Amino acid sequence: ALSLQGARMVLSTRFFTDFTPQASFDIKKCELHRLEAGPSETAVLTREQGLQYYRTMQTMRRMELKADQLYKQKIIRGFCHLYDGQEACAMGIEAGINPTDHLITAYRAHGYTFTRGVSVREIMAELTGRRGGVAKGKGGSMHMYAKHFYGGNGIVGAQVPLGAGVALACQYQGNNQVCVALYGDGAANQGQIFESFNMAALWKLPCIFICENNKFGMGTSVERSSASTDYFKRGDYIPGIKVDGMDVLCVREAIKFAADYCRAGKGPIVMELETYRYHGHSMSDPGVSYRSREEIQEVRSKSDPITMLKERMLSNNMASVEEIKEIDVDIRKVIEDAAQFAISDPEPPLDELCNHIFANDLPMEVRGTNPWVKLKSVS
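Calculation notes
- Residues numbered from 1 in each chain as written.
- Predicted model: local features only at pLDDT ≥ 70, side-chain atom pairs only at ≥ 80, totals over all residues.
- Heavy atoms only, no water.
- UniProt positions renumbered as here; feature names shortened; annotations may be inferred.
- Pairing = 2+ DSSP bridges.
- Helix = DSSP H or I, 4+ residues; strand = E, 2+ residues; numbered from the N terminus.
- Axes fitted to C-alpha atoms, helices over the stretch in contact; angles between N-to-C directions.
- 1 Å grid on protein atoms, 1.4 Å probe; cavity = no way out; pocket = protein on both sides within 12 Å on 5 of 7 lines; lining within 4 Å.
- Points joined across faces, edges and corners; volume = space filled by probe spheres on them.
- Buried < 20%, exposed > 50% of the residue type's maximum accessible area, 1.4 Å probe, protein only.

Per an unreviewed UniProt entry, the recorded name for the chain is Pyruvate dehydrogenase E1 component subunit alpha, and the organism is Oncorhynchus tshawytscha. As stated in UniProt under Function (unreviewed entry), the record for the chain gives "The pyruvate dehydrogenase complex catalyzes the overall conversion of pyruvate to acetyl-CoA and CO(2), and thereby links the glycolytic pathway to the tricarboxylic cycle." The heading Catalytic activity (unreviewed entry) in the UniProt record of the chain holds the text "N(6)-[(R)-lipoyl]-L-lysyl-[protein] + pyruvate + H(+) = N(6)-[(R)-S(8)-acetyldihydrolipoyl]-L-lysyl-[protein] + CO2".

The structure is reproduced here in structure tokens:
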């Protein structure tokens, strides 16, 4: 007779062979500006990709909800801008570019830090300002970095010219890489963005400029802040694409198209991802004084990015309800473990205050708040 364990193995093996290995989906057509043809209107999703996308997006969601909880307990302090609701943007972008490509964003950066390869533990510890954080506890919510990821930038719109500069470096080095420079609808009227567009177009830089339009810049709706809300047309002489930012497959296909366009040496492209944030602008904004709870609930029920992906997979027999539940349980454990680490890990000691000012190896002396206070900086 088979042992119970053996029976389980036979059952699970049979179970997994029953799943659909891949499926093709019709996705929403993108609006185009100065383009003859746009991204594909069908997307192929394998079972492995679907499970990976689900795990990544659900981890982002749970991480942000845990950050909300720790903030309310006053364990996380200061600026804290949460990304829940917008997960399909970060996941779709990462799925459409290579790990060696470059990405820079504004201060709603926790999700991108995770998709660029930083662990939940390091992100959570950074939020609580501990030594084990990704920036050694010195960056906090807005300033996290990874290989080919340049932050986390606190000045509205300032990351866009920096992204154009990274794209210039890609072009100069001839490495066939692209840079994704993200900004929000609230930053879309910044002068430095249009200066960056101009230089990128003149020099044909491999830069994908992406406006994550979550409908509100702080508490101001896009209709009240922008004379034109067609952000994908704002590049004027630069081609543009408007994408459903709540559908991870739409985002992925659009990014693949844009990356191919840039790699072909055609210059920059502007993209608008229509998305929505469930939280307020930051933790100091309850998020319901300029929009109703019903509006938020309606978006959640009709176009939540995680629910949409899950339903696609379940209805096409690409995963089981039990399997999805197991992933959810696993994610909860990861988040709880990270939260415990973020609370128990020590804060950086005072003698590390001035470290890593310069990239050179020689220790240097740094003047403190007055000429008699001398601090040491080690790189």
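J.: Go over the sheet that holds strand β4 (residues 102–104), please, and point to the residues and values.
T.: Taken in spatial order, the 6 strands make up an open sheet running β2-β9-β10-β6-β5-β4, and their pairing is mixed. Two strands close off the open sheet at either side, each with one partner strand: β2 (31–33) and β4. Geometrically, the sheet is characterised by an average inter-axis angle of 20° between neighbouring strands, direction not taken into account. Looking at chain direction, strand β5 (residues 179–184) and strand β6 (residues 207–213) are connected through 6 bridges and run parallel.

J.: I'd like a rundown of empty space enclosed by the protein, residues and numbers included.
T.: All chains considered together, the criterion is met by 1 cavity of 30 Å³ or more. Computed from the structure, the largest cavity encloses a volume of approximately 30 Å³. Lining the largest cavity are Tyr183, Ala188, Ile193, Phe194, Phe197, Tyr231 and Arg234. Here the lining of the largest cavity gets 3 residues from one element, more than from any other, and that element is helix α7 (residues 191–203).

J.: Quick rundown of the pairing of strand β10 (residues 269–274)? Include the residues and the values.
T.: Of all 6 residues that make up β10, 5 are buried, and the element is covered over most of its length. Across 6 bridges, the pairing between β6 and β10 is parallel. Bridging across to β10, Ile210 finds its partner in Met271. Relative to β10, strand β9 (residues 240–244) is paired through 5 bridges, and the arrangement is parallel. Bridge assignment links Asp244 to a residue of β10, and that residue is Glu274.

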